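Summary of structural features
If you want the building blocks of each chain, they are given just below.
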Amino acid sequence: MDGFLAAAIVASMPMMFATIGEIITEKSGLLNLGVEGLMLMGGIMGFVLGYETGNPWMAILGAILAGGVGSLVYAILTISLRANQVVTGLTLTIFGAGFASFVGKTYVGLVVPPALKEFFARIHLPILGDIPFLGPIFFRQDPFIYFGYLVVLVSSIYLYRTRFGLNLKAVGESAASADASGINVTLYKYLHTCIGGALCGLGGAYMSLVMMSSWQENIVAGRGWIAVALVIFASWNPVKAMIGSFLFGGLSILGFRLQSMGINISQYWVDMLPYAATILIIILSSRKNKKENQPPADLSNPYFREER
Amino acid sequence: MNIISISKREDLPQKKEWLIRALAVALSIVCAGLVIRILGYNPLQVIPSMVSGAVGTEIRLQQTILKAIPLVVTSLGILVAFKMKFWNIGGEGQIIMGALGASYVALNIEGLPKFATLILMMIAAMILGGFWAFIPAFFKAKMGVNETIFTLMLNYIAIKFVTYLQYGPWKSPDSQGFPKVATFSNNAILPKLFGIHIGWIIALVLVVLVHLFINHTKKGYEITVVGESQETARYAGMNISQIIIVATLISGGLCGLTGMIQASAVEKTLSATLSGGYGFTAIITAWFARLNAIAVLFVCIAFAILLQGGAYIQISMQIPASVADMIQGIILFFVLGSEFFLQYRVNINRKRLNAKEVA
């Protein structure tokens, strides 16, 4: 059982990074539907740099830059040029998929070099790893996952406990009021879109560098879209994003587990589960009308000072 | 006063509007050329080759039109939903479900004349496609559930479901173990006219019908009002839930019809991959056509040229399909950016600029 739950943590990481990235982006009032494309770009650039240099830090840098630059294009178009956010996001996904497929053409099936494998090997954390039940699930994982925990912690504190986080909230709730109170709205939007994109890139890189340890065509396989849905499930809260990703990670490996236990169930039905669950979640979460569960009020409204 | 200020354009002459668009496309082609160069190909060979691959010979032109047909029909479907600001990104799933409905008729109903079979297939396709759009529309209208994610998730469910049928209960016993649904009988295949299946006539008729529906009927007007402002619609006493549901039924029905056309005339069977990304591409084409049915026709033809050109350079120059995707993305980015200059005027304050230079 704890073997299954530990594997669910691994399976949840790509979605968790991307969900938190999208939360940060949406908090600034932008709905970026390019998550899938950003994850693919981060996944391939992380893999290529890691493979060519053998240096894990270069791999991570590559993923961050790919996600950051990809979302910068989105930011320029939607923030400065006020393009439609839905269409721009979809275009980013098309572009990202083409980019990853082109760059990754000669890397398909290649495995990450030993230096990276070693770097991303599991570490049994002292004390924490020995906690009964929880230890084997949470604290005998790879360093990328520990970094993921850190991202949850830091982004929670940042969003709820710092001045910048509160300013960001103001920008997302009402860009006009934030602007009037002296917050640099454009800067906040740009910065958080790029940070969000970089996190999506890291989510993709986790897949290629650690989870699969190799590059495959269309490696992300819809996880970016699930992340967009998980943002709603998580009601824009990083801790809930982690819980949601964990549930979905579990669902995504459930079929494999059931079959290995000898339970005969069609793979295709099991494959539907995460998507059906997403639908269930957005239906249920539309019912709770608590104020803190609502999306940022100014989400996907372009802000244009001259039109105030 | 800043040196650069931006103001909303009140009205832009049509001529100038299309000039700016043409400029954006030209600029994007230059930029795409640069990218092609960086990737190690010669843009002066690639771009002309794409054009000639799409319109160079009669057969290639036919291929381009074959790609334009599903794009036009799906874009019209997307347009109806988007007019209402119902973000239907479930075109893929609705196409697949439509194909499923059509295939059920094609594989199970025998003995009807060809015409009746085809009509029945179309009806079945539109019902199932419409149903697939109705589910999220119902939850949107009654409970305010976000339709973007809902429609998207239904894509995956439709694809998985048809994959299940294809590998399981519907697998043809004649396929020698290969997971494939049986091929349609001749009765269930759309006839050809001028070398291309009559989907092109269906598409042209639908362009006119959707144009008339949106601009000259009461329901079409109501859809536009709900899209502009639900408040206004409510004040005017419109039944918003009903309008949302009717519009999405039409939207999904049209996407479903695409599924029928593709299953009947192109694949001649049901397969989980027959939607071919048209559901997503149609969102982009519908948007660039500014949700205008007549413009959809031209934008889709332009897009089909891009798609067919991309497919052609794979064979003629061994350039991977992904390059075509990237070129497509780059062109789209530019056109998206150019919309800004259509709506806003950038004023450079010369006085201020000169003052600065003097100082």
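What comes next is a walk through the structure. (Residues numbered from 1 in each chain as written. Chains lettered and ligands numbered in written order. Predicted model: local features only at pLDDT ≥ 70, side-chain atom pairs only at ≥ 80, totals over all residues. Heavy atoms only, no water.)

Looking at the overall build of chain A
In plain terms, the rule: To qualify as a helix, a DSSP run of H or I must reach at least 4 residues; to qualify as a strand, a run of E must reach at least 2; elements of each kind are numbered from the N terminus. C-alpha atoms define the radius of gyration, and 2.2 Å times the number of residues to the power 0.38 defines the globule rule.
A count of helices and strands for chain A gives 13 helices and zero strands. Its helices and strands in sequence order give chain A the pattern α-α-α-α-α-α-α-α-α-α-α-α-α, from N to C terminus. Taken against the 2.2 N^0.38 rule, which gives 19 Å for 308 residues, the C-alpha radius of gyration of chain A at 19 Å falls within 12% of a compact globule. Along the first, second and third principal axes, the C-alpha set of chain A runs to 60 × 45 × 40 Å.

A word on the interface of chain B and chain A
Selection criterion: Any pair of residues with heavy atoms lying within 4.5 Å of one another is described as a contacting pair. Here's the idea: put two parts together, see how much 1.4 Å probe accessible area each one loses, and the total over both is what we call buried area. Any pair of nitrogen or oxygen atoms within 3.5 Å is treated as a polar contact; in protein, a donor-acceptor pairing is required on top of that, and neighbouring residues in sequence qualify only through side-chain atoms on both sides. When residue character is reported, Ala, Val, Leu, Ile, Met, Phe, Trp, Tyr, Cys and Pro are called nonpolar, Asp, Glu, Lys and Arg charged, and the others, Gly included, polar.
Tallying the contact residues gives 42 residues for chain B and 43 residues for chain A. The contact between chain B and chain A buries some 4,000 Å² in all, and 83% of this surface belongs to carbon and sulfur atoms. Between chain B and chain A we count one residue pair in polar contact (both at pLDDT 80 or more) in total. Counting only elements with at least two residues in the side of chain B that touches chain A, the list comes to strand S1 (4-8), helix H5 (114-143), helix H6 (147-167), helix H11 (278-288) and helix H13 (321-343) of chain B. Its residues placed into classes, the side of chain B that touches chain A shows 32 nonpolar, seven polar and three charged.

A look at the state of the cysteines
The line we're drawing: Cysteine sulfurs are considered disulfide-paired once they come within 2.5 Å of each other.
All told, the structure shown has zero disulfides over all chains when counted by the stated rule. The cysteine A:Cys194 is free of any disulfide, with A:Cys200 supplying the nearest cysteine sulfur at 11 Å.

Some thoughts on the packing of aromatic side chains
Short version of the rule: Any two of the Phe, Tyr and Trp rings considered here, Trp counted by its six-membered ring, make a pair once their centres fall within 6.5 Å; the pair's planes then place it as stacked at under 30 degrees, edge-to-face at over 60, or tilted in between.
Across all of its chains, the model carries 30 aromatic pairs over all chains by this definition. Aromatic rings pair up to connect A:Phe17, A:Trp57, A:Phe119, A:Phe120, A:Phe144, A:Phe147 and A:Tyr206 into one cluster.

Let's talk about unusual backbone geometry
Applicable threshold: Exposure classes here rest on a 1.4 Å probe applied to the protein chains alone. A residue is buried below 20% of its type maximum, exposed above 50%, and partly exposed in between.
Phi is positive for A:Ser235, close to 40°, though the residue is something other than glycine. Within the fold, A:Ser235 resides in the loop between helix H11 (223-233) and helix H12 (238-260). Not every positive phi belongs to a glycine, and B:Leu291 is a case in point at roughly 55°. Following the sequence through the fold, B:Leu291 ends up in the loop between H11 and helix H12 (293-317). Owing to a relative accessible area of 14%, B:Leu291 belongs among the buried residues under this scheme.

Topic: the packing of helix H3 (residues 58-83) of chain B against helix H7 (residues 199-216) of chain B
Residue and element names in this part refer to chain B. Stated formally: Helix axes use the C-alpha atoms of the stretch in contact, all axes being lines fitted to C-alpha atoms, and the angles between their N-to-C directions lie in the range 0 to 180 degrees. Roughly parallel refers to an angle under 35 degrees, roughly antiparallel to one over 145, roughly perpendicular to one between 65 and 115, and oblique to any angle outside these ranges. Handedness of a helix crossing follows the sense of rotation of the near helix relative to the far helix, less than a right angle counterclockwise being left-handed and clockwise being right-handed.
Look at H3 against H7: their axes get within 9 Å of each other, and the N-to-C directions meet at 20°. With respect to H7, the element H3 is oriented roughly parallel. For the pair H3 and H7, the sense of crossing is left-handed. On the side of H3, the interface is formed by Ile 65, Ile 69, Val 72, Val 73, Leu 76, Leu 79, Val 80 and Lys 83, while H7 contributes Gly 199, Trp 200, Ala 203, Leu 206, Val 207, Val 210 and Ile 214. Of the residues assigned to the contact of H3 with H7, the class counts are 13 nonpolar, one polar and one charged.

Section: helix H1 (residues 14-38) of chain B
Residues and elements named next belong to chain B. We count it as follows: The length a helix should cover is 1.5 Å for every residue beyond the first.
With 25 residues, H1 extends 36 Å from end C-alpha to end C-alpha; this agrees with the ideal 36 Å at 1.5 Å per step. Taken together, the buried positions of H1 are occupied by Glu 17, Ile 20, Arg 21, Ala 24, Ser 28, Ala 32, Gly 33 and Ile 36. Of the surrounding secondary structure, the elements contacted by the buried residues of H1 are helix H2 (43-55) and H13. Just downstream of H1 lies Gly 40, where phi reads positive at about 95°.

A word on H3(B)
Under the 1.5 Å per step criterion, the end-to-end length of H3(B) is 36 Å for 26 residues, consistent within 8% with the ideal 38 Å. Looking one or two residues beyond H3(B), the residue adopting positive phi is B:Lys85, at roughly 55°.

Some points on the environment of B:Ala68
Its location among the elements puts B:Ala68 in helix H3. For B:Ala68, the contacting residues outside a window of four places in its chain are B:Cys300, B:Ile301 and B:Ala304.

Examining the environment of A:Gly182
Residue and element names in this part refer to chain A. By the secondary structure assignment, Gly 182 is in the loop between helix H9 (175-180) and helix H10 (185-211). According to the relative accessible area criterion, Gly 182 is exposed, its value standing at 63%. Between the C-alpha atoms of Gly 182 and Arg 257, which are 75 residues apart in sequence, the distance is 54 Å.

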